[in-house]
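# Close look at the chain arrangement
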Amino acid sequence: ALFAHEVLVIFTRKEYYEAASVAGALSFNSIIYGFAYIAVIGCNVKKDNKPLALSVFAAALLTAFLYWLLVPTYGKLGAAISSAAGYLLVPVYLFYKSQQYWFIPFRFGLAVQLFLLAIGCFLVSFLIPTGSATLTIFWKLAIYLIYLMIALIPIYINYKPTILLWIQRLKQRNH
């Protein structure tokens, strides 16, 4: 998402460059749908694919309704938002249903925090001046590195005992 403009510059013509914000926003859909592969685990254990079919059908209806509602006013951005909302419905419902079938202690909060942080970094990238390509790439790399550093905080908090155990084992190996 962060480098959507640069990717479009490399692989397309000038007419497509302004689609960078939409291409970036749509790149989050693959992450959202990736959550669905994890979310469906409980349904797979139960051998019940009906929740998957239901969630995909409901997502298609939601997406179509939001296209109808948002695209006339917001154009390609409305289409991107509509698609993201539809994609988001699938893992949300699947996590809900799967946890009823087979409880798995997922760390939902951590995944949501990291995902929202990524979206925040993407939105911040629109504040970067677009004069120099080199400077723009530098600032986007800086945003990415800041994302990684900030992301380590909730990861450390959520996995502190495991991380400390790894450190202890490494120290034992070196002695």
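Note that this is a predicted model, so its numbers are computed, not measured. (Residues numbered from 1 in each chain as written. Predicted model: local features only at pLDDT ≥ 70, side-chain atom pairs only at ≥ 80, totals over all residues. Heavy atoms only, no water.)

Within the chain, the secondary structure is distributed over six helices and zero strands. Element order for the chain, N to C, with α for helix and β for strand: α-α-α-α-α-α. A compact globule built from 175 residues would reach a C-alpha radius of gyration of about 16 Å, whereas the chain, at 20 Å, exceeds it by more than 25%. Each principal axis of the C-alpha atoms in the chain carries an extent, and together these give about 55 × 50 × 25 Å. Of the contacts formed within the chain by residues at least 6 apart in sequence, a portion of 70% connects residues at least 24 apart. Looking at the chain as shown, the accessible area adds up to about 11900 Å², and 73% of this sits on carbon and sulfur atoms. Taken as two groups, the 13 positive and 4 negative side-chain charges of the chain have centres that lie 21 Å from each other. (Helix = DSSP H or I, 4+ residues; strand = E, 2+ residues; numbered from the N terminus. Rg over C-alpha atoms; globule rule 2.2 N^0.38 Å. Contact = heavy atoms within 4.5 Å. Areas by Shrake-Rupley, 256 points an atom, 1.4 Å probe, with all protein chains shown as cover. Lys, Arg positive; Asp, Glu negative; His and termini not counted. Charge placed at Lys NZ, Arg CZ, Asp CG, Glu CD.)

Here we come to the nonpolar core. Counting 13 residues, the largest nonpolar core has F28, L114, I143 and Y147 as the members making the most contacts within it. Looking at this core element by element, the count peaks at six residues for helix 5 (residues 108-124). In this structure, Y147 is in contact with L114, L117, A118 and C121, ignoring residues within four places of it in sequence. Membership of the second largest hydrophobic core comes to eight residues, among which are V40, A59, V90 and F95. (Core = buried A, V, L, I, M, F, W, Y, C linked by side-chain atoms within 4.5 Å. Buried < 20%, exposed > 50% of the residue type's maximum accessible area, 1.4 Å probe, protein only.)

Looking now at a nonpolar patch on the surface. Together, Y144, L145, I146, L148, M149, I150, I153, Y156, I157, L164 and I167 give the surface a local cluster of nonpolar side chains, amounting to about 1000 Å² of exposed area. Of note, L145 is situated in helix 6 (residues 133-174). (Patch = residues over 30% accessible without salt bridge, like charges linked within 9 Å, V, L, I, M, F, W, Y side chains within 5 Å. Salt bridge = Lys/Arg side-chain N within 4 Å of Asp/Glu carboxyl O.)

Once that is clear, we can look at the side chain of T63. Secondary-structure assignment places T63 in helix 4 (residues 50-101). Residue classification places T63 among the buried residues on the basis of a relative accessible area of 13%. In terms of polar contacts, T63 uses its side chain to reach the backbone carbonyl oxygen of A59, at 2.7 Å. The contacts of T63, once residues within four sequence positions are left out, are S82, S83 and G86. (Polar contact = N/O pair within 3.5 Å; in protein donor to acceptor, adjacent residues only side chain to side chain.)

As a volume, the largest pocket reaches approximately 560 Å³. Taken together, the elements giving at least two residues each to the lining of the largest pocket come down to helix 2 (20-39), helix 4 and helix 5. Of the residues contributing to the lining of the largest pocket, the split by class is 23 nonpolar, one polar and one charged. The calculated volume of the second largest pocket comes to roughly 310 Å³. Taken together, 15 residues line the second largest pocket, and the ones lying closest to its centre are F28, I31, A118, Y144 and Y147. When residues of the lining of the second largest pocket are traced back to their parent elements, those giving at least two are helix 2, helix 5 and helix 6. If one sorts the elements of the lining of the second largest pocket by residue count, helix 5 sits on top with seven residues. Across the lining of the second largest pocket, the residue classes break down as 14 nonpolar, one polar and no charged. (1 Å grid on protein atoms, 1.4 Å probe; cavity = no way out; pocket = protein on both sides within 12 Å on 5 of 7 lines; lining within 4 Å. Points joined across faces, edges and corners; volume = space filled by probe spheres on them. Nonpolar A, V, L, I, M, F, W, Y, C, P; charged D, E, K, R; others polar.)

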